[in-house]
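Coordinates in review
Here's the letter readout for the chains.
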Amino acid sequence: MSKAKPNRHAVGWLFFARVLVVAAVAILAAVALSPSLRTFSHLSQLAILQEDYERAKSEIAGCDLFAFEREWADCFDAAAKGLTLSDPLAFSTLSEAAKLHEATGDRAKADRFFERAAEAAMAAESPVMADTLLAALASEYRSTDLNRYAEGCAIRVEFLRAQMADAPTESERADWQGRLQNALYEEGDRRFVRARNLLHPTDDESEREALLSHVAGAADRLEECLRIGDAEPASLGSYSLDQRLWKLGNARMLLGDADAAFECFGRLLEADRGEYDRLSLVDRYAQAKWGYDTIEYCEFVEPELAKAPGDEPLGIAQRVAWGYQRCEAWDRAIPVLEFMIERSSDRNAIAQAMSSIATSHFALGDEELGLGVLEFIVSEYGDTSVAALAQND
């Protein structure tokens, strides 16, 4: 006779009920205790809550997610009431409560706990620890809520500015300036990458506008970071001038600010310090100056293709070939496509390049050569998807 399996939902709710009761008892008991004992009681209870919360997240996967988060948000609310900002568990408790309220849609409570978590971070035992906690608080939202991430980063940046201004010695000021530059670059880099990745799959105009505002905010941070680095090259922090110029140039290009992007990539190309490969720099520089579907772009980039090793130049070579074709310079596209065939080991890519060569021959009025290329694709690259199309043509 088989044993009946316990109901996971019932077990989960019994678990939550037990923790809620324990929390309530601890908080009620703490009211009657002296301040020192009350603090000890809350700290002990919070340790239990946080440990059980982590275990519950991993073990009770079958429970209703919204209900799970709502119950734990209430639980952390109760526990947080007895904490002062200097309590060792204050930051982790308040930041966890902020995330839980965010997940349940209670933005007002989430805002309040987020602000208190930031205050708890700044009340840490040392300014360095405070900076670490503020960075951690912002990073919690990097992949889920760009607005909250930007808010957390702004709090951290202002904290670092204040530390730099109040530094008693020049060496300490330089240290805080390095931290400020790191914070500016990291915010700019992460906001740009996240917003760019979200931009491509969306057609919603209001969403696009909001994401582009994050790209603009990222560019502003990167520009400030670059400005500080230009003024005081000896205190660059962890990120080089080349990294700043590259990221800022890409952000400005996405925003359509070709002149600013051109300046960034021009500086990189002129210095040519080897941190980024030369072909990528030439490609970006030419795109910023002329756009990639112009004869000028193609003529500037083409001579650099053969200098890059292996299959590295293939993506840019394809852009050059298409650029020539869009400009109806069909005869100039053919050598670039032949170069791609020579460097590529991918049969489908080779067949695709051959198909483009055939297109160029047809456009030039040489139908016999174009048909000959298509027949070659069918006979030699019949296993590729391009061959089926060539056969139909």
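Residue numbers restart at each chain and count upward from 1, following the sequence in its written direction. Residue-level local features of this predicted model are given only where pLDDT is at least 70; pairs of side-chain atoms are given and counted only at 80 or more, and the full residue set underlies all totals for whole chains, interfaces and linings. Only hydrogens and water are removed before side-chain values are computed, so all heavy atoms of the structure are retained for them.

Topic: the overall build of the chain
Counted only if it meets this: A helix here means a DSSP run of H or I that spans at least four residues, while a strand means a run of E at least two residues long, and both kinds are numbered starting from the N terminus. Calculation of accessible area relied on Shrake-Rupley with a 1.4 Å probe; when residues are assessed, cover is drawn exclusively from the protein chains displayed.
For the chain, the count of helices and strands is 18 helices and zero strands. When the accessible area of the chain is evaluated, it comes to approximately 20200 Å², of which 53% is carbon and sulfur surface.

Comments concerning a negative patch on the surface
Defined as follows: Here, patches come from residues exposed beyond 30% relative accessible area and free of salt bridges, joined within 9 Å for like charges and within 5 Å for nonpolar side chains (Val, Leu, Ile, Met, Phe, Trp, Tyr). When a carboxyl oxygen of Asp or Glu is within 4 Å of a side-chain nitrogen of Lys or Arg, the pair counts as a salt bridge. Two residue types count as positive, namely Lys and Arg, and two as negative, namely Asp and Glu; His and chain ends fall outside the count. Every charge is mapped onto a representative atom, which is NZ of Lys, CZ of Arg, CG of Asp or CD of Glu. Burial classes follow relative accessibility: with a 1.4 Å probe on protein chains only, a residue under 20% of its type's maximum area counts as buried, one over 50% as exposed, and anything between as partly exposed.
On the surface, a cluster of negative charge is contributed by Asp 203, Asp 204, Glu 205, Glu 207 and Glu 209. Assignment of secondary structure puts Glu 207 in helix 9 (residues 205–231). Under the relative-accessibility criterion, Glu 207 is labelled partly exposed at 38%.

Considerations on unusual backbone geometry
Backbone geometry at Asp 272 places phi at a positive 45°, although glycine is not the residue there. Positive phi values are uncommon outside glycine, yet Glu 328 reaches one of about 60°.

Observations concerning the pattern of salt bridges
Within this structure, the stated rule accounts for 28 salt bridges. Residue Glu 223 is joined to Arg 252 by a salt bridge in which the shortest nitrogen-to-oxygen separation is 2.5 Å. In this pair, Glu 223 is assigned in helix 9 and Arg 252 in helix 10 (residues 241–254), connecting sequence segments 29 residues apart. Overall, the relative accessible area of 32% leaves Glu 223 in the partly exposed class. It is possible to trace a salt-bridge network through shared partners that takes in Glu 102, Arg 107, Asp 111, Asp 145, Arg 148 and Glu 151.

Considering the packing of helix 7 (residues 146–166) against helix 8 (residues 170–199)
Put simply, the rule is: Each axis is a line fitted through C-alpha atoms, taken for helices only over the stretch in contact, and angles between the N-to-C directions span 0 to 180 degrees. Between 65 and 115 degrees an angle is taken as roughly perpendicular, under 35 as roughly parallel, over 145 as roughly antiparallel, and anywhere else as oblique. Helix crossings fall into two classes, left-handed where the near helix is turned counterclockwise from the far one by less than a right angle and right-handed where it is turned clockwise. Gly counts as polar in this scheme, as do all residues outside two lists: the nonpolar Ala, Val, Leu, Ile, Met, Phe, Trp, Tyr, Cys and Pro, and the charged Asp, Glu, Lys and Arg.
Interhelical geometry of helix 7 versus helix 8 gives an angle of 165° and a closest axis separation of 9 Å. Considering the angle they form, helix 7 stands roughly antiparallel to helix 8. Handedness of the crossing formed by helix 7 with helix 8: left-handed. A breakdown of the residues in the contact of helix 7 with helix 8 according to their chemical character gives 13 nonpolar, two polar and nine charged.

A short note on the nonpolar core
Selection criterion: For the purposes of this section, nonpolar cores are sets of buried Ala, Val, Leu, Ile, Met, Phe, Trp, Tyr and Cys residues that join through side-chain atoms within 4.5 Å. By the convention used here, residues are in contact when the closest approach between their heavy atoms is within 4.5 Å.
By size, the foremost hydrophobic cluster in this structure holds 87 residues, and its most contacted members are Val 301, Leu 305, Val 320 and Ile 377. Val 301 has contacts with Leu 279, Val 282, Asp 283, Ala 286, Ile 316 and Val 320, leaving out every residue within four places of it along the chain.

Some remarks on helix 11 (residues 258–271)
Basically, it comes down to this: By this rule, a helix spans an expected 1.5 Å times one less than how many residues it contains.
Here helix 11 contains 14 residues, and its C-alpha end-to-end distance of 20 Å stays within 8% of the 20 Å for a straight helix at 1.5 Å per residue. Within helix 11 the residues assigned to the buried category are Ala 261, Cys 264, Phe 265, Gly 266, Leu 268 and Leu 269. At its buried positions, helix 11 is contacted by helix 10 and helix 12 (278–290). Looking one or two residues beyond helix 11, the residue adopting positive phi is Asp 272, at roughly 45°.

Details of the packing of aromatic side chains
Inclusion rule: Only Phe, Tyr and Trp rings take part, Trp by its six-membered ring, and two of them pair if their centres are within 6.5 Å. Stacked means planes under 30 degrees apart, edge-to-face means over 60, and tilted covers everything else.
Here the structure, examined in full by the defined rule, presents nine aromatic pairs. Between Phe 114 and Tyr 141, the ring centres sit 5.6 Å apart and the planes meet at 75°, which makes this aromatic pair edge-to-face. On the criterion of sequence distance, the pair formed by Phe 114 in helix 5 (residues 107–122) and Tyr 141 in the loop between helix 6 (127–139) and helix 7 is long-range, its members being 27 residues apart. Accessibility expressed as a relative area gives 0% for Phe 114, which makes it buried. With a centroid separation of 5.4 Å and an interplanar angle of 55°, the aromatic rings of Trp 290 and Phe 300 are classed as tilted. Taken together, the residues span a long stretch of sequence, with Trp 290 in helix 12 and Phe 300 in helix 13 (residues 295–305) at a distance of 10 residues. The exposure class of Phe 300 is partly exposed, given its relative accessible area of 33%. Clustering of aromatic rings is evident, with ring pairs tying together Phe 262, Tyr 285, Trp 290 and Phe 300.

Remarks on the environment of Glu 328
Of note, Glu 328 is situated in the loop between helix 14 (314–326) and helix 15 (330–343). For the pair Glu 328 and Leu 364, spaced 36 residues apart in the sequence, the C-alpha separation amounts to 9.4 Å.

Focus on the environment of Phe 91
Within the secondary structure, Phe 91 is located in helix 4 (residues 90–104). Phe 91 gets classed as buried once you look at its relative accessible area, which sits at 13%. Measuring from C-alpha to C-alpha, the distance between Phe 91 and Glu 119 comes to 8.4 Å, with 28 residues separating the pair along the chain. Not counting chain neighbours up to four residues away, the residues in contact with Phe 91 comprise Ala 117, Ala 120, Ala 121, Leu 133 and Leu 137.

Let's talk about the confidence of the model for the chain
For the record, the criterion: Every residue carries a pLDDT, the predictor's confidence in it, which falls somewhere between 0 and 100.
Overall, the prediction assigns the chain a mean pLDDT of 82, with 77% of residues at 70 or greater. pLDDT under 50 marks residues 1–15. Its contacts with residues more than four places away, or in other chains, come to 18 contacts.

With respect to helix 14
Its 13 residues place the ends of helix 14 18 Å apart at the C-alpha level, agreeing with the 18 Å of an ideal helix rising 1.5 Å per residue. Buried residues of helix 14: Leu 314, Ile 316, Ala 317, Val 320, Ala 321, Gly 323, Tyr 324 and Gln 325, and no others. Looking at the buried residues of helix 14, the elements they touch are helix 12, helix 13, helix 15 and helix 16 (347–363). Immediately downstream of helix 14, the backbone of Glu 328 shows phi near 60°, a positive value.

Considerations on the packing of helix 8 against helix 9
A packed helix pair is summarised by two numbers, namely the angle formed by the two axes and the spacing between the axes. Packing of helix 8 against helix 9 leaves a shortest axis separation of 8 Å and a crossing angle of 155°. The angle between helix 8 and helix 9 places the two elements in the roughly antiparallel class. The hand of the helix 8/helix 9 crossing is left-handed. Looking at the contact of helix 8 with helix 9 residue by residue, the classes come out as 14 nonpolar, seven polar and six charged.

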